[in-house]
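Reading the structure
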Amino acid sequence: MKFLNHVRLLHKILIIVVILLLPLAYQLYLVLQFNNAQIDFSRAEQEGTALLLKVRDLELDLAKGRISEIHKEKDPFSKVTTDLDSIKKQSEVDGFLSKDTIQKVIDAKTTEFKLDEIVNAIGEVADKSNLTLDPDVDTFYTMDSVTVKIPNRIMEMSDVHTILSDIIATGTISEDNKQALFLKKALQQNYIDGLEVNMNKSFGGNTDGTLKPALEIYYKESADKARVMIDLTASVLAKGDVKDLSQEKLDSAYLDFLKTNEVLWEKSSAELERMLQKRVNGYLAKETESTIITILLVAFAWVVMIFVARSITKPMSELIAMMNRLAKGEIGLVVPGQDRKEEVGDIARAVVGISNSVAEKAKRDAEAAEAARKKEQDAKQLAEEQRRQEAQQMEHMAAVDRKKAMNDMADRFESSVGGVVDTVSSAATELRSSAESMAHISNQTTDRATAVAAATEEATASVQTVAAASEQLLSAINEISQKVEESAGFTRQAVSRAQATNVTVEGLAESAKKID
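Rules behind the numbers
Residues numbered from 1 in each chain as written. Predicted model: local features only at pLDDT ≥ 70, side-chain atom pairs only at ≥ 80, totals over all residues. Heavy atoms only, no water. Helix = DSSP H or I, 4+ residues; strand = E, 2+ residues; numbered from the N terminus. Buried < 20%, exposed > 50% of the residue type's maximum accessible area, 1.4 Å probe, protein only. Contact = heavy atoms within 4.5 Å. Areas by Shrake-Rupley, 256 points an atom, 1.4 Å probe, with all protein chains shown as cover. Axes fitted to C-alpha atoms, helices over the stretch in contact; angles between N-to-C directions. Parallel < 35°, antiparallel > 145°, perpendicular 65-115°, else oblique. Left-handed = near helix turned anticlockwise from the far one by under 90°. Nonpolar A, V, L, I, M, F, W, Y, C, P; charged D, E, K, R; others polar. Expected span 1.5 Å × (residues − 1). Salt bridge = Lys/Arg side-chain N within 4 Å of Asp/Glu carboxyl O. Phe/Tyr/Trp six-rings, centres within 6.5 Å; stacked < 30°, edge-to-face > 60°. pLDDT = per-residue confidence, 0-100.

1. Details of the overall build of the protein
Looking only at helices and strands, the protein features 10 helices and zero strands. What you see in the protein, going N to C, is helices and strands ordered as α-α-α-α-α-α-α-α-α-α. Buried residues in the protein amount to 32% of all 516 residues. Contacts spanning at least 24 positions in sequence make up 80% of the contacts within the protein whose residues lie at least 6 apart. Carbon and sulfur atoms make up 57% of the accessible area of the protein, which amounts to about 31000 Å² in all.

The structure is reproduced here in C-alpha cells:
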C-alpha cells in the first residue's frame, strides 16, 4: 500500500467514500437483480396467461363442437383447427407448449380424449410459464381457478353432456352410465366447492380489494349453471330414465354452463393479467425508487464527503502554509484550529508547539547573535584601540624619526651650507686679499703712472718696467675673475643642495601627514 503515500488526503477520503458506497451499490445491484428476476418471472406468467386464452378458446370450441357433433352437423370442429394453428405459432415463440403435446391434441380420436389432452396442455403451460409457482395469494388462487378448476370443470361437464346425450339417444341407462354420472356429479360438486374456496382465498388475499367486485358475480353465475347441470344429472339418476329430459333442454343448460364459465374464465384471466401487470409495475416502481434512493444517498454521501473533506483539507492546508512560513523563519504566527477537539486540533496544537520552539530558538539565536555582535564590536573597538595606539606609537616614532631626519638634514644642510659659506668666505677673503692686492697694485700703478706722468722723461726708460707691471696686473685680474667664478659655482652648488634639502623636508612632512 505504498502508493497511498503519494495520494493526497482529499483523494484518500474519496477512496474511503467509494469503498463505503460499494456495499450500497452491491445492495442496489442485488435489489435490481431480484426485481428483474421477479419482473421476468411475472412477465413469463403474463405470456402464459395470454397463451392460455387461446387454449381456452380451443377447449370451449371443442366443448361446443360436441353439440354439433351430436346433432350430426357438418364440420362441427371447424374452429378447432384454427385454434390449433394459432397455438402452434404462439408456442414456437414462447416455448410453453411442446410439439408433442400439441400433436397429442391433434391425434386424439375423440372429443373426450382431445379435451383431456387440452387440460394436460393447460397444465404444461402453467408449469413452464411459472403460473403454478406464483407467490402471491390472490394471483395464485386466481391462477389455480384459470388453469385447473375451470378447465377440468368444463371437461367433466362435457363428459356429463355426452353421457346424458347417449342416454337420451338410446332411451336407457346402463350401469356404466349410472356409475359415470355418479362420479361426474361428485366431481362437479367438488369443482364448485373448490372454485368457491379459490375465489374466497383470492378475494381475501387481494390487497386492493378490486378482485371480488370484478369476479364474484361471474363466479356465482357459473356455479348456478353448474348446479343446473348437476340437478339434471341427479334427476336422471333418481328416476332412472330421461323422459323429462330432452336433448334441447340438455343442450340449452350445457350451453348456458359453457357461456358462464367462458365469461368467468375470461374475466379471471383478465384479472390475473391485471394483477401480474400491477406486480410488474410494482417491481419497476421499486426499481426506480431504489435507484432514486441510491442516487440520493450517493449524492448525500458525496456532499457529506465534500463537507468532511473541506473540514479537514482546508485547515490542513492552512497548517501546511503555517509550517512553510515557519520553515522560512517567520515567528509569532497565529495558528488556526487550536480549539478543535479532533486530529486537526492536535496537529494545530503541535504546530503551535513547533512555532513556540522556533520562536524560542530564534530568540536564543538572536541573543547569541547579539552577543556575538557585541563581542565582535568589542573586538573591533579593542583592535581599533590597538591600531590607534600603534598609530600613535608609529606617529611618535615617525615624529622622532622625522625630527631626527630633520636634525640630520639640518646638520647636513648646515654642514653643506657651512662648507659653502666657508668656501665663499674663503673665496671672499681671497677676493678681498686679491682686491687689496689689486688696490695696492692699483695704487702702485697710480703711483707709478703719476711717476710716469711726473717723470715723463723717465717713461722711455721705464717702459719695460710698466709693461712688466701691466702684465702682473692683468695676471692678478685674471686670478681674481677665476676666484669669483669659483665662488659663484660654490654658491650655485649650495643653492642646489638647499633646494634638494627643502624637497626632502617637504617629502618627510607629507609622509608625517599621511602617518597622522
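2. Examining the packing of helix 5 (residues 137-170) against helix 7 (residues 211-239)
The axes of two packed helices give the description: the angle between them and the distance between them. In contact at an axis separation of 12 Å, helix 5 and helix 7 are set at 25° when each is read in the N-to-C sense. Taken together, the axes of helix 5 and helix 7 are roughly parallel relative to one another. Crossing of helix 5 against helix 7: the hand is left-handed. Mapping the contact onto sequence places Asp 138, Thr 142, Arg 153, Met 157, Val 160 and Leu 164 in helix 5 and Leu 211, Ser 222, Ala 223, Ala 226, Met 229, Thr 233 and Val 236 in helix 7. In terms of residue class, the contact of helix 5 with helix 7 is made up of eight nonpolar, three polar and two charged.

3. Here we look at the environment of Tyr 218
For Tyr 218, the position within the fold is in helix 7. Taking relative accessible area as the criterion, Tyr 218 reaches 25% and is therefore assigned partly exposed. Note: C-alpha distance between Tyr 218 and Leu 264 (46 residues apart in sequence) is 5.3 Å. Every residue in contact with Tyr 218, bar those within four places of it in the chain, is listed here: Val 263, Leu 264 and Lys 267.

4. Looking at helix 7
Its 29 residues give helix 7 an end-to-end C-alpha distance of 42 Å, which sits within 8% of 42 Å, the value for a rise of 1.5 Å per residue. Looking only at helix 7, the buried set comprises Leu 211, Leu 215, Tyr 219, Ser 222, Ala 223, Ala 226, Met 229, Ile 230, Leu 232, Thr 233, Val 236 and Leu 237. As for helix 7, its buried residues are in contact with helix 5, helix 6 (175-205) and helix 8 (247-327). Remark: Gly 240 follows helix 7 within two positions and exhibits a positive phi of approximately 80°.

5. Things to note about the pattern of salt bridges
For the coordinates displayed, the defined rule picks out 20 salt bridges. One salt bridge connects Glu 124 with Lys 128, and the closest N-O pair in it is separated by 3.1 Å. Of the two residues, Glu 124 and Lys 128 are both situated in helix 4 (residues 111-128); the distance of four residues between them amounts to about one turn of the helix. By relative accessible area, which is 40% here, Lys 128 ends up partly exposed. Between Glu 175 and Lys 178 there is a salt bridge, and its shortest N-O distance comes to 4.0 Å. Taken together, the positions of Glu 175 and Lys 178, both in helix 6 and three residues apart, correspond to about one turn of that helix. Classification of Glu 175 by relative accessible area gives exposed; the value is 52%. Through salt bridges with shared partners, a single network forms among Glu 45, Asp 134, Asp 136 and Arg 279.

6. Points about the packing of aromatic side chains
Taken as a whole, this structure holds three aromatic pairs when the rule is applied. Measuring from ring centre to ring centre gives 6.2 Å for Tyr 26 and Tyr 29, while their planes differ by 25°; the resulting arrangement is stacked. Of this pair, Tyr 26 and Tyr 29 both sit in helix 1 (residues 9-70), three residues apart, which is roughly one turn of the helix. Since its relative accessible area comes to 46%, Tyr 29 is described here as partly exposed. With a centroid separation of 6.4 Å and 85° between ring planes, the pair formed by Phe 34 and Tyr 283 is classed as edge-to-face. Residue Phe 34 is located in helix 1, and its partner Tyr 283 is located in helix 8; the two are separated by 249 residues in the primary sequence.

7. Points about unusual backbone geometry
For Asn 130, which is not a glycine, the phi torsion comes out positive at approximately 75°. Position of Asn 130 among the secondary structure elements: in the loop between helix 4 and helix 5.

8. Some words on the packing of helix 5 against helix 6
Direction vectors running N to C along helix 5 and helix 6 enclose 160°, while the axes themselves pass 9 Å from each other. Taken as axis vectors, helix 5 and helix 6 run roughly antiparallel relative to one another. Of the two possible hands of crossing, helix 5 and helix 6 adopt the one that is left-handed. When grouped by side-chain class, the residues that make up the contact of helix 5 with helix 6 number 15 nonpolar, nine polar and eight charged.

9. Here we look at the confidence of the model for the protein
Close inspection of predicted coordinates is inappropriate for parts of the model with low pLDDT. In this model, the protein carries an average pLDDT of 78, and 75% of its residues clear a pLDDT of 70 or more. Highest mean pLDDT in the protein belongs to helix 7 (92); lowest belongs to helix 10 (residues 456-515) (59).

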